[in-house]
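Structural description and commentary
What follows is the residue order along each chain.
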4 protein chains.
Amino acid sequence: MGWHESLREQRKEAILEAAAEVFAQKGYHRATIKEIAARVGIAPGTIYLYFESKRALLLSIADRLITQRVSEVLEQASSLDAQGYIAAVLQERLDFFRRNQPFLQALATEVWTDESLRRRFFTQVLAPVFASGARYLEKKVAEGVLRPCRVEIVAPAVAGSIILISLLRIFVPEYTLADVPEDELIEELTRLYLDGLSARGEGE
Amino acid sequence: MGWHESLREQRKEAILEAAAEVFAQKGYHRATIKEIAARVGIAPGTIYLYFESKRALLLSIADRLITQRVSEVLEQASSLDAQGYIAAVLQERLDFFRRNQPFLQALATEVWTDESLRRRFFTQVLAPVFASGARYLEKKVAEGVLRPCRVEIVAPAVAGSIILISLLRIFVPEYTLADVPEDELIEELTRLYLDGLSARGEGE
Amino acid sequence: MGWHESLREQRKEAILEAAAEVFAQKGYHRATIKEIAARVGIAPGTIYLYFESKRALLLSIADRLITQRVSEVLEQASSLDAQGYIAAVLQERLDFFRRNQPFLQALATEVWTDESLRRRFFTQVLAPVFASGARYLEKKVAEGVLRPCRVEIVAPAVAGSIILISLLRIFVPEYTLADVPEDELIEELTRLYLDGLSARGEGE
Amino acid sequence: MGWHESLREQRKEAILEAAAEVFAQKGYHRATIKEIAARVGIAPGTIYLYFESKRALLLSIADRLITQRVSEVLEQASSLDAQGYIAAVLQERLDFFRRNQPFLQALATEVWTDESLRRRFFTQVLAPVFASGARYLEKKVAEGVLRPCRVEIVAPAVAGSIILISLLRIFVPEYTLADVPEDELIEELTRLYLDGLSARGEGE
DNA sequence: GATGAATGAGTGTTCATTCAT
DNA sequence: CATGAATGAACACTCATTCAT
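The present account deals with the structure reproduced in this document.

Cut-offs used in this document
- Residues numbered from 1 in each chain as written.
- Chains lettered and ligands numbered in written order.
- Predicted model: local features only at pLDDT ≥ 70, side-chain atom pairs only at ≥ 80, totals over all residues.
- Heavy atoms only, no water.
- Contact = heavy atoms within 4.5 Å.
- Buried area = accessible area lost by both parts, 1.4 Å probe.
- Salt bridge = Lys/Arg side-chain N within 4 Å of Asp/Glu carboxyl O.
- Polar contact = N/O pair within 3.5 Å; in protein donor to acceptor, adjacent residues only side chain to side chain.
- Helix = DSSP H or I, 4+ residues; strand = E, 2+ residues; numbered from the N terminus.
- Nonpolar A, V, L, I, M, F, W, Y, C, P; charged D, E, K, R; others polar.
- Near = heavy atom within 4 Å.

Let's shift gears to the interface of chain C and chain D. Contact residues are listed per partner, giving 64 residues for chain C and 64 residues for chain D. For the pairing of chain C and chain D, the buried interface totals around 5,700 Å² over both sides, and the portion due to carbon and sulfur atoms is 62%. For chain C, the biggest contributors to the area lost against chain D are Trp 112, Arg 147 and Leu 197 of chain C; these three give 16% of the whole. Inspection of the region where chain C meets chain D yields eight salt bridges. Note that Arg 30 of chain C is salt-bridged to Glu 110 of chain D, the shortest N-O span being 2.8 Å. Put simply, chain C and chain D have 18 residue pairs in polar contact (both at pLDDT 80 or more) between them. Looking at the side of chain C that touches chain D, the elements with two or more residues in it are helix 1 (2-30), helix 7 (101-111), helix 8 (115-143), helix 9 (151-171) and helix 10 (182-195) of chain C. The element that contributes the greatest number of residues to the side of chain C that touches chain D is helix 9 of chain C, accounting for 15 residues. Residues of the side of chain C that touches chain D, tallied by class, amount to 34 nonpolar, 13 polar and 17 charged.

The full set close to DNA strand F counts 30 residues, and Tyr 48 of chain A, Arg 11, Thr 46 and Tyr 50 of chain B together with Thr 46 of chain C are the nearest of them. Of what DNA strand F places within 4 Å of the protein, 74% of the atoms are sugar or phosphate. Within the side chain of Arg 11 of chain B, one N or O atom sits 2.5 Å away from a phosphate oxygen of DNA strand F. Note that a base nitrogen of DNA strand F is positioned 3.3 Å from one of the backbone N or O atoms of Gly 45 of chain C. Contributing elements (two or more residues each) for the surface near DNA strand F: helix 3 (44-47) of chain B together with helix 1 and helix 3 (44-47) of chain C. When residues of the surface near DNA strand F are assigned to their parent elements, the largest contribution, three residues, is made by helix 3 of chain C. Residue composition of the surface near DNA strand F, by class: 15 nonpolar, ten polar and five charged.

Geometry only, nothing functional implied.
As structure tokens, this is what we get:
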């Protein structure tokens, strides 16, 4: 059983990966089953032995992202100090974006129009990250390391920075941001979120 | 003449608005000329008296956004102090997002796959905002109001916060963020970017 | 009356001429009422004040050709001797083709598919010419100038030569034929039809 | 492989034949893919598995005609004496027209408006025949069998006769020509081209 | 299981024709 | 009379999906 299962799983995987690539390149609608099949090296009909429909491919891709237990990494980082935490999260998210670029891009085209996909994406991918971040913030505030703040605002604010910067690095290579080494990026952002921009503390 | 022109412009406008709505709801591909026409209350063929093609509709929507001279607002705000500037920009962008929601959403489905659209969107919509923000930062740093920082990182970081928060407020009404009054939002973000999160300055 | 009539006729004429040109250039189907109207300098709707439909334009063009009482010329030439007659007919037909090129070409695209048009074209344009030619041949045979022959075969044979040569001169400028002076052409054909190709009589 | 190939070829053939018929009956533009498909007994979409586009069907039909190596027949006939040659060519062309009627008629509607098709038709179908005829004439002139003549005029003259007569026989059944037995036709034309029409030689 | 040929529903676009001005 | 904006029927073409082999 495990043998058959494994073969089947492997092929499903291959199909999903090819689908993600094609979806990412052409968008969901312009992508064709034929091309996905060709990229895996199988016949178009074969895909239907593994997936119900073209749409099911997309939803499976969404699940793939969701399954990547993002929060685990976050929880592990929660034992670090503020500086370390922010650096770890940044690092992890940048990696995540790079690793899953085709999957994320594949979803991006459809997430805006499919209500269920949108909800799914939010509740499964974004919300947990916010929640984890919020929990961390609250803990640190309680410890007196960070000042009190409205975590439901600050968490998505930080997330937004990371996301946009990641997108810019991936999609707009001509913007300066693409050339900045990753550690410099992390350092600058860490400082921004910990110390803000005021000149206040500088002179001391 | 002015009369005809005006009628023509009005109808173009109506078509564009309907197109944006349908694109936003269904995504560019699932949207049909027939439905757009029906929403305006005209025949499908009539649309082609005003726009070359379905794609031209999308590009016009993009132009509509681009033409909205974002930077003017930013420039006017550049005379304010740091707190006022951040608040003004935040306010303006939140308004912009709300005002242009269907247009933005219409673009969102295609901007990921159409190279030319992507470049256009970046160079015309995002880059100017970054540049304006960067200029402001540099000025304030020179004045000694803000500490030195890498503006090419900080500008998109702030932009990302604003964008994600705007998206959440618009698309995910079930998230807490939707209920926060706008001025509280602005206050919290202003504080975040000016002072950071460290408890350092708090107790003193 | 004559005044109104004349204006109306003039405009009909202009429309017909424009239609013939566009039909000739693009073929009946690719031709558009809009372009025909533009070429006359009127609005598309106006054409319908003069002609029932697009098809009516085509039929009117056919009538135009038919009205050109071809046979009159032929009858006048029938008093000439054989050499003069053939030369006159050749000359006249070459002129006719050149003069009516757009009209003929306009019809050419449709004459193959429209049964009524085909019949009309044959009975009104070709058959009379054949008949006239046949009558002439019979007269000359009776006079002993020409040898007996099956006129219903010879007439279209000569006509076919003239038509193909005319088409080649008009449509295939790269063929040698386009450069041959008209009188040389007429001379060669006259000789061909009168004397044939045999060397028989040459040496004597 | 040969098996699949053959099936595929057969179906391509069937589609082409159906297309030629419909094009011939309705003309290229009025013909619909749907009707062509129906005539073959397949779904419209299936046609696109065999041909790129509707236009490609037309071009394939043109190729079909072109591939019919006309000149081979002509070359074989070139060993015959003048009378035999003319008879052979006439016979062959009449057959060719009858055999390919739908294909020829299919092209006829478009050959007048499509520059590339026109050129193709002339250079591939007509020109070689003229050239072959011209070569034959020159040979016979050199042998002293035929009198010197301008072959570039005589060749299309003869071709024109054959073409028009063929068209009349096919398209205008009510004309006398349709009833004339083929051998009488050939005899009359042979005599026309060899001896001409002058009574000159008759009395001797 | 795998194939890939066949399907046919669905859509952007054109353009002859109409009719309110 | 003339206009030209509006109409909407018609058609080529695509591609997810099926199913006989």
